[in-house]
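The lines below spell out each chain.
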Amino acid sequence: MRADQERIMARALAHEEAANPHWTRRADSAALAAIPGADGLPILGSTLEVLRDPAAFSRRMYGAHGPVYRVKSFGFDTVALAGADANELVLFDRDKLFSSEQGWGPILNLLFPRGLMLLDFEKHRVDRRALQAAFKPEPMRAYAEVLRDGARDRIAGWAGRDIRFYPEIKQLTLELAATAFLGIPFGPDAQKVNQAFVDMVQASVGVVRRPLPFTQMGRGVKGRAFLVDYFGPMVEQRRADGSGEDMFSQFCRAQREDGSLLTAAEIVDHMNFLMMAAHDTITSSVTSMAWYLAQHSDWQERLRAESLSAAPAGEGLAYDDLGKLEETEMFFKEALRMIAPVPSIPRRALRDFSFGGYDIPAGTAVSVSPSFTHMMAEYWPDPERFDPTRFTPDQVKARHRFAWVPFGGGAHMCLGLHFAYMQMKIIVHHMLTRMRLEIEPGYAPEWQAWPIPKPKDGLRLRMAPLDR
């Protein structure tokens, strides 16, 4: 059995090296033998346990081994580094020790190649700087109008209904993405785009890593091919038009520092990745927020009063009013602490380094876990308790700056961070100024952790009208 396993891993390694000859060769398992950990099942290692409940797995491993431990998943060894200092080392990466491309690549290369998160160092800096033009104040004002008008009528239709919140908010964010991101009317095309993204995201955690027929990876690669064919021909059209305010049009006109435009293939890759990141993570994050709003009626009333002080019900928030919703932002941050939208962040070490008393060789797959760090008592007293006041300015200032990392950190901090806050505030304003979010006594949904957290039953909420 061990010999068979070694042959399978050797073939997988040879395939990876042939496909990506510039990558640092993976560290040999023997070089990591001094690092404590668990090998788990043959070939799969601890993959299934990690996918089932990453936070519980991290707690068990941290309790047994401390802040540095070895995990075998998808057949290869990964060294997990736990805690805020580890987050700072890996995410801030002041010495350029870690590759994001080689960390995410084995998971996403067939699905989101050359997306912003899969670029390193100077290439990443240059493309990120070009894409930032789409997130400047004037484009953001235009997006805010689209989001405000698009969210108003659909959310109004929730009042008085029992709904499954996750599919409802996913449909809403898809409609908003179709207009704000793509500049296309919602319809059959947008539904096909959404299905392609669903297939690609699910494929990212598929156990079978080759695009074989009838596998998650096969469906994901097919979804990517559809999006390349769909977006590619639009690039020159959007450039020729020159007036579109949607994000895709902004990307088509974006220039690098030397004045050059991104190629059509680069634009499609960046658009695919950012659509996935924005659409799926905001769906997950707003669902988490709705779950905690429904549990904490006192905070729901506070945020409702804050929203109404910024804008009346039905009118929506102006872009300049978004900064007034300070407690809403605190509540959102605490929801992201409790349910991190990205449970784990991978990298690959480009050079030897040391951490926590261990020497870790070049080529080691390394991961840090926001979902675990967000529950460490040394940073968060009584961490299982939901408390938005953890994010008052004084509390934030007193805490390690890498103790809360739902959007990553350092050079790869989420480019759409402010867009996410804006979309959340607009959606929450329309909800809370028209309805009360309620749950049945004793109700507690089970959450699926990967690839992006969501309630398995969709989150059953009663959207009670405020005049009830």
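Read on for an overview of the structure. (Residues numbered from 1 in each chain as written. Predicted model: local features only at pLDDT ≥ 70, side-chain atom pairs only at ≥ 80, totals over all residues. Heavy atoms only, no water.)

### Re the overall build of the protein
Reasoning step 1: Helix and strand content of the protein: 18 helices and 13 strands.
Reasoning step 2: Its C-alpha radius of gyration of 22 Å places the protein within 12% of the 23 Å reference for a compact globule of 468 residues.
Reasoning step 3: Counting only C-alpha atoms, the protein reaches 70 × 55 × 45 Å along its principal axes.
Reasoning step 4: Going through the 468 residues of the protein one by one, you find that 56% of them count as buried.
Reasoning step 5: Sequence-distant contacts in the protein: of pairs separated by 6 or more residues, those separated by 24 or more amount to 73%.
Reasoning step 6: Surface accessibility of the protein: about 19900 Å² in total, with carbon and sulfur atoms responsible for 54%.
Reasoning step 7: Of the charged side chains in the protein, 56 are positive and 58 negative; the average position of the first set lies 3 Å away from that of the second. (Helix = DSSP H or I, 4+ residues; strand = E, 2+ residues; numbered from the N terminus. Rg over C-alpha atoms; globule rule 2.2 N^0.38 Å. Buried < 20%, exposed > 50% of the residue type's maximum accessible area, 1.4 Å probe, protein only. Contact = heavy atoms within 4.5 Å. Areas by Shrake-Rupley, 256 points an atom, 1.4 Å probe, with all protein chains shown as cover. Lys, Arg positive; Asp, Glu negative; His and termini not counted. Charge placed at Lys NZ, Arg CZ, Asp CG, Glu CD.)

### Some words on the nonpolar core
Reasoning step 1: In this structure, L81, W158, F165, F181 and L437 are the most contacted members of the largest nonpolar core, which totals 128 residues.
Reasoning step 2: Of the residues forming this core, the biggest block, 16 residues, is contributed by helix α13 (residues 264–295).
Reasoning step 3: Every residue in contact with L81, bar those within four places of it in the chain, is listed here: P67, V68, A86, L89, V90, F353, F355, I360, V366, S367, V368 and S369. (Core = buried A, V, L, I, M, F, W, Y, C linked by side-chain atoms within 4.5 Å.)

### A short note on the packing of aromatic side chains
Reasoning step 1: This model, assessed by the stated rule, comprises 18 aromatic pairs.
Reasoning step 2: Taking the centre distance of 5.0 Å and the plane angle of 80 degrees together, the rings of F98 and F353 count as edge-to-face. A residue pair is termed long-range when its members are at least 10 positions apart, and F98 in strand β4 (residues 98–99) and F353 in strand β7 (residues 353–355) qualify at 255 residues. Take F98 and F353: they sit in the same class, and that class is buried.
Reasoning step 3: Where W158 meets F165, the ring centres are 5.7 Å apart and the plane angle is 70 degrees; that geometry is what we call edge-to-face. This pair shows no difference in class: W158 is buried, exactly as F165 is.
Reasoning step 4: Taken together through their ring pairs, the aromatic side chains of F332, W380, F391, W404, F407 and Y421 make up a single cluster.
Reasoning step 5: Over the ring of F391 we find R399; its NZ or CZ atom is 5.1 Å from the centre of that ring.
Reasoning step 6: Sitting over the face of the ring of F92, R401 holds its NZ or CZ atom 5.0 Å from the ring centroid. (Phe/Tyr/Trp six-rings, centres within 6.5 Å; stacked < 30°, edge-to-face > 60°. Lys NZ or Arg CZ within 6 Å of the ring centre and 35° of its normal.)

### Looking at the packing of α13 against helix α18 (residues 417–432)
Reasoning step 1: With their axes 11 Å apart at the nearest point, α13 and α18 run at an angle of 40 degrees to one another. Classified by the interaxial angle, the pair formed by α13 and α18 is oblique. Both α13 and α18 take part in a crossing whose hand is right-handed. Listed contacts from α18 to I282, V286, M289 and L293 of α13 are A420, Q423, M424, I427, V428 and L432.
Reasoning step 2: Of the residues assigned to the contact of α13 with α18, the class counts are nine nonpolar, one polar and no charged. (Axes fitted to C-alpha atoms, helices over the stretch in contact; angles between N-to-C directions. Parallel < 35°, antiparallel > 145°, perpendicular 65-115°, else oblique. Left-handed = near helix turned anticlockwise from the far one by under 90°. Nonpolar A, V, L, I, M, F, W, Y, C, P; charged D, E, K, R; others polar.)

### Focus: the environment of R26
Reasoning step 1: Within the secondary structure layout, R26 lies in the loop between α1 (2–19) and β1 (37–38).
Reasoning step 2: Counting along the chain gives 234 residues from R26 to S260, while the straight-line C-alpha distance between them is 35 Å.

### Quick word on unusual backbone geometry
Reasoning step 1: With a phi angle near 50 degrees, D93 is a residue other than glycine that sits in the positive phi range.
Reasoning step 2: Note on placement: D93 falls in the loop between α4 (84–92) and β4.
Reasoning step 3: Here the phi dihedral of R114 falls at roughly 65 degrees; this positive angle occurs in a residue that is not glycine.
Reasoning step 4: Here R114 shows up in the loop between α5 (100–108) and α6 (121–131).

### What to know about the environment of W447
Reasoning step 1: As for its placement among the helices and strands, W447 is situated in strand β11 (residues 447–448).
Reasoning step 2: Judged by relative accessible area, which is 21%, W447 ranks as partly exposed.
Reasoning step 3: Each C-alpha atom of the pair W447 and V79 lies 26 Å from the other, and the pair is 368 residues apart in sequence.
Reasoning step 4: With residues up to four places along the chain from it excluded, the contact list for W447 reads T287, S288, W291, I339, P453, K454, P455 and K456.

### Topic: the sheet that holds strand β5 (residues 161–164)
Reasoning step 1: Overall, antiparallel pairing links the three strands, which are arranged β5-β13-β10 in an open sheet. The sheet terminates laterally at β5 and β10 (435–438), the two strands that pair on one side only. Between one strand axis and the next, the sheet turns through 30 degrees on average, direction left out of account.
Reasoning step 2: Pairing geometry for β10 and strand β13 (residues 460–465), over four bridges, is antiparallel. The partner of E438 across the bridge, within β13, is R462. (Pairing = 2+ DSSP bridges.)

### So, the sheet that holds β1
Reasoning step 1: If you trace the six strands from one edge of the open sheet to the other, you get β1-β2-β3-β9-β6-β4, paired in mixed fashion. Two strands bound the open sheet, and with one partner strand each, they are β1 and β4.
Reasoning step 2: For strand β3 (residues 76–81) and strand β9 (residues 365–368), the ladder comprises three bridges, and the chain directions are parallel. Within β9, the residue paired with A80 across the bridge is S367.
Reasoning step 3: Seen against the sheet, α4 touches β3, β4, β6 (345–349) and β9 and runs at an angle of roughly 125 degrees to β9.
Reasoning step 4: Strand contacts of α5: β4 and β6, with the helix running at about 120 degrees to β6, the strand carrying the most contacts.

It is worth stressing that arrangement in space is one thing and function is another; only the former is reported here.
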